[in-house]
Structures are given as structure tokens and as C-alpha cells.
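The lines below spell out each chain.
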Amino acid sequence: MKIALLGYGKMGQTIEKIALERGHEIVIKTNEEEYDINQADVAIDFSVPKAAFFNIAKCLKLGVPVISGTTGWLDNYEHAIKLCKENNGAFIYASNFSLGVNIFFELNKHLAKMMSQLKQYHVSIEEIHHTEKLDAPSGTAITLAEGIISQHDEYNKWLLNQNKKQTIPITAKRIANVPGTHSIEYKSNTDTINITHTAHTREGFALGAVVAAEWILGKTGVFSMKDVLNIG
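(A) Focus on the packing of aromatic side chains. With the rule as written, the count across this model stands at eight aromatic pairs. Taken together, a centroid distance of 6.2 Å and an interplanar angle of 45 degrees make the contact between Tyr77 and Phe91 tilted. Note that Tyr77 is positioned in helix α3 (residues 77-86) and Phe91 in strand β5 (residues 90-93), a separation of 14 residues in sequence. What links up through ring pairs into an aromatic cluster is the set Phe53, Trp73, Tyr77, Phe91 and Tyr93. Its end group placed over the ring of Tyr35, Lys58 keeps NZ or CZ at 3.8 Å from the ring centre.

(B) Here's a closer look at the layout of surface pockets. Within this model, the largest pocket holds a volume of roughly 830 Å³. In terms of lining residues, the largest pocket is bounded by 38 residues, among which Met11, Phe46, Ser47, His130 and Lys133 are the most central. Secondary structure elements with two or more residues in the lining of the largest pocket: α1 (10-21), α2 (49-61) and α5 (139-151). Ranked by residue count, the leading element in the lining of the largest pocket is α2, at five residues. In terms of residue class, the lining of the largest pocket is made up of 13 nonpolar, 17 polar and eight charged.

(C) Broad picture of α1. End to end, α1 covers 17 Å across twelve residues, agreeing with the expected 16 Å (1.5 Å per residue, within 8%). If you check which residues of α1 are buried, you get Met11, Gly12, Thr14, Ile15, Glu16, Ile18 and Ala19. For α1, the elements touching its buried residues are β1 (2-6), β2 (25-30), β3 (42-45) and α6 (203-216). After α1 finishes, the residue Gly23 shows a positive phi value of roughly 90 degrees.

(D) Layout of the sheet that holds strand β11 (residues 221-223). The strand order across the open sheet built from six strands is β2-β1-β3-β4-β5-β11, with neighbouring strands paired in parallel fashion. With one partner strand each, in any of the chains shown, β2 and β11 form the two edges of the open sheet. Strand-to-strand twist of the sheet, defined as the mean angle between neighbouring strand axes without regard to direction, takes the value 15 degrees. Bridge count for strand β4 (residues 66-68) against β5 is three bridges, and the pairing is parallel.

Criteria and thresholds
Residues numbered from 1 in each chain as written. Predicted model: local features only at pLDDT ≥ 70, side-chain atom pairs only at ≥ 80, totals over all residues. Heavy atoms only, no water. Phe/Tyr/Trp six-rings, centres within 6.5 Å; stacked < 30°, edge-to-face > 60°. Helix = DSSP H or I, 4+ residues; strand = E, 2+ residues; numbered from the N terminus. Lys NZ or Arg CZ within 6 Å of the ring centre and 35° of its normal. 1 Å grid on protein atoms, 1.4 Å probe; cavity = no way out; pocket = protein on both sides within 12 Å on 5 of 7 lines; lining within 4 Å. Points joined across faces, edges and corners; volume = space filled by probe spheres on them. Nonpolar A, V, L, I, M, F, W, Y, C, P; charged D, E, K, R; others polar. Expected span 1.5 Å × (residues − 1). Buried < 20%, exposed > 50% of the residue type's maximum accessible area, 1.4 Å probe, protein only. Contact = heavy atoms within 4.5 Å. Pairing = 2+ DSSP bridges. Axes fitted to C-alpha atoms, helices over the stretch in contact; angles between N-to-C directions.

And the structure:
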């Protein structure tokens, strides 16, 4: 499989390593807007928020399946879906490609459904990432918050570094050399329940992205990691 890496920072370099180990060829690796995407069978976008939609749109218009793990661009997500359908393309966006995190997403929703009956508990989210991460809160934290909201009628939105009625407060911390830690806390006057996912390296994210790229070949439509991993 010929892969285009759109975004060649630390994550792009880790994806390259994993892809080569799995027998694939990297035909493009770039942080620029000028590239011939037609060389590739599939594109993997781990760029920056301001470049992500440009990359995704270019791929979809030219018939190249695209996997995107860039966060911070989701104001254009519905437009990307529209482009995918108009061009009979193939597209996967995930706030996190790690197998463990995608299991954590499902665990989070299941816990939220159980906790929805216990109004004495108040939920909060904390996420910790490396200092190079540009957006806050992380896309993973937002996905976790949305998962809780979907199962719990006490909450209708999330807020960054704010704690207001019927909202989920998200605390975002930036610490050098932290690949990603996400914690959900339910706290009452009598006790606290926590679930946490801690990434040790970037390789889990990279492997998930390459597996998604392998899975999407030959398919059309808008998919998620739940489809790739057949979970949930």
C-alpha cells in the first residue's frame, strides 16, 4: 500500500516507522500544501488544525481515501462529510486512533449510563498532553465529554476550565513528554470513582492509524474506529 503522510511531525514519523514495518511504502511525507496526492493509495493526515480540512478536502475531491487524526478543525467536519458523499469517497476521522482509547470511549459511555441514576455524583474530565499540542481541550477529551452527555441527562455541554451547572468541566494540562492521559472522575460527598487511560508512547496511536488505513482500502463512506475495530 502506498501511503501519503500529510503532516510529518513526531506523529507522522512514528506512523512512517509502523507503516514500513508492516510492509507499506511511504510516497509522500510533507508539511506543505503542494503535493501530488494521486501517487498514494491512501492518505493519513496528522497535520495541524489550520491545514487539516484543506488536506482532507483535497484527498476526497481526488478520490484518495483519507484517515485524519488531527484535532481542532471540527467546525468543518460536516463539510468534510458532505464532500465525502458527493465524491463517493472514503473518510475516517478519529480524535484518537489507539485501540485502548477506543475501548475507553465505550467504557466511559457505559459508566455514564450507570451514573446517570446517581445524581449525587458530579463528573469532571482531566487531560494531560505534551507541550507541543496546539489545541485544548484534546479531541479525545471532547469525545469523552460527548459520550457522557449522550448517556446522562444531567449534562448538556462541556466547558474548558470552568465549572457551571449542567456542564462537564474539562481541565487541560500541558507537560513535556506526556503522550496523553485522560481521566474521568465522578465525585460525591462520600466517595470518588475514577477511570483513566494513560498512553506510554505514540506508537499505539500510530498503529491504529495504519490499521485504519489498511481497513478503508476498497470502501466508500464515512467511518469511525468503531467500524475498524468492530466494537460498541
